[in-house]
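Summary of the model geometry
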Amino acid sequence: MCVDCNCGQPVAAATDPPRHLELGQRLLVHNDAQALANREHFAAAGVRVINLLSSPGSGKTALLERLALELAPALPATRHPMAVIVGDLATDNDARRLRAAGVPALQITTGQACHLEAAMVHRALHDLDHLGHPLAGLELLVIENVGNLVCPAAFDLGESLRVVLLSVTEGEDKPLKYPATFHSADVVVISKGDLAEACGFDAPQARHNVARVAPQARIVEVSARTGEGIAALLAALGLERVPVAG
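Quick look at the structure, then. If you're wondering where the values come from, they're calculated on a predicted model, not measured in any experiment.

**Quick word on the overall build of the protein chain**
Looking only at helices and strands, the protein chain has nine helices and seven strands in total. Split into buried and exposed, the 246 residues of the protein chain put 46% on the buried side. Counting contacts in the protein chain only where the partners sit at least 6 residues apart, residues at least 24 apart contribute 72% of the total. Looking at the protein chain as shown, the accessible area adds up to about 12400 Å², and 55% of this sits on carbon and sulfur atoms.

Below is the structure:
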């Protein structure tokens, strides 16, 4: 499927001769250089940037809709609470859904690439600016990565924080099955908490599994539907909601 990681490519037959490739530089050197430039750009604009990773259907878009409702109603009129760059292999469904919720959203359709790269984000920043949403006018920029718990972990996008979602519908063992992605997380969000009882989800076991592979990560349990845990998530992201004056 992916031109970078070659997932989906035919497996070499046992009889094929071995191939050797000498690498004179890190495979991700160009991506890392662009990620550094992105990070400097974000810092200069004073915007917090979150790289949001998860498997498909874990509730990323629903969570962003809820954050849009909660974030900073007391911000100056010249500063928008958040904007989103959305990555998907096909369709702009999530971007349209977010725009309907009042969130500036830009879609990146990757085709066969199963992750976003720093250069894609860089180009999207120019597009956001042309649409009237420059970085300097944002409190938060969220990069909603392609739904995938494998490839996105390897690609730095220049983010301030990496957030990984674990839905209660996926089971408690996902951190152990995909340790690289969870190990890279600053914050792990256990999502769809309102379904935990119906799914028989063992939250203490899930927390234990996260701690085994990502002891540095803060863990927050939320429900985008009910709003439970959203205040704790905002605190974990350094985005405590400012009370409305009066």
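Picking up where we left off.
**Digging into the environment of Lys174**
The residue Lys174 is located in helix H5 (residues 174–177) in this model. Residue classification places Lys174 among the buried residues on the basis of a relative accessible area of 16%. Note: C-alpha distance between Lys174 and Val210 (36 residues apart in sequence) is 8.7 Å. If near-sequence neighbours (up to four positions away) are discounted, Lys174 is found in contact with Leu166 and Phe182.

**Quick notes on helix H3 (residues 93–100)**
Within H3, the full set of buried residues consists of Asp94, Ala95 and Leu98. The arc enclosing the buried residues of H3, seen along the axis, measures out at 100°, which places them on a common side. Its buried side turned inward, H3 meets helix H2 (60–70), strand S2 (80–88), strand S3 (105–109) and strand S4 (138–144). Following H3 by one or two positions, Gly102 has its phi on the positive side, about 90°.

**Considering the pairing of strand S6 (residues 187–191)**
In terms of residue burial, S6 counts as a mostly covered element, since five of its five residues are buried. Neither face of S6 is exposed, since Val187, Val189 and Ser191 on one face and Val188 and Ile190 on the opposite face are all buried. Bridge count for strand S5 (residues 161–167) against S6 is five bridges, and the pairing is parallel. Residue pairing across strands places Ser167 opposite Ser191, the latter belonging to S6. Inspection of the sheet shows S6 paired to strand S7 (residues 218–221) by four bridges, in the parallel sense. Looking at the pairing, Ile190 lines up with Glu221 of S7.

**A word on the pattern of salt bridges**
The final tally for this structure, using the stated rule, is eight salt bridges. Here Asp156 ties to Arg39 by a salt bridge, and the two come within 2.9 Å at their closest N and O atoms. Of this pair, Asp156 sits in the loop between S4 and S5 while Arg39 sits in helix H1 (residues 29–45); the two residues are 117 residues apart in sequence, bridging distant segments of the chain. The class of Asp156 is partly exposed, set by a relative accessible area of 21%. For Arg39, a relative accessible area of 32% puts it in the partly exposed group.

**A few points about the nonpolar core**
Soluble globular proteins: nonpolar side chains tend toward being buried together. By size, the foremost hydrophobic cluster in this structure holds 28 residues, and its most contacted members are Met82, Val84 and Leu233. When contributions to this core are tallied by element, the ones reaching two or more residues are strand S1 (48–53), H2, S2, H3, S4, S5, S6 and helix H9 (230–236). With four residues, H9 is the largest single contributor of residues to this core. Among all residues touching Met82, those that are not within four sequence positions of it are Leu64, Leu67, Ala68, Leu71, Val103, Pro104, Leu138, Leu140 and Val142. Grouped together as the second largest cluster of nonpolar side chains are 21 residues, Val121, Leu135, Val146 and Leu157 included.

**Section: the side chain of Ser223**
As for its placement among the helices and strands, Ser223 is situated in the loop between S7 and H9. Ser223 sits in the buried class, given a relative accessible area of 1%. Separated by 3.2 Å, the side chain of Ser223 and the backbone nitrogen of Thr226 make a polar contact. Apart from the residues within four sequence positions on either side, Ser223 is in contact with Gly193, Asp194, Glu228 and Ile230.

How each quantity is defined
- Residues numbered from 1 in each chain as written.
- Predicted model: local features only at pLDDT ≥ 70, side-chain atom pairs only at ≥ 80, totals over all residues.
- Heavy atoms only, no water.
- Helix = DSSP H or I, 4+ residues; strand = E, 2+ residues; numbered from the N terminus.
- Buried < 20%, exposed > 50% of the residue type's maximum accessible area, 1.4 Å probe, protein only.
- Contact = heavy atoms within 4.5 Å.
- Areas by Shrake-Rupley, 256 points an atom, 1.4 Å probe, with all protein chains shown as cover.
- Arc of directions from axis to C-beta.
- Pairing = 2+ DSSP bridges.
- Salt bridge = Lys/Arg side-chain N within 4 Å of Asp/Glu carboxyl O.
- Core = buried A, V, L, I, M, F, W, Y, C linked by side-chain atoms within 4.5 Å.
- Polar contact = N/O pair within 3.5 Å; in protein donor to acceptor, adjacent residues only side chain to side chain.

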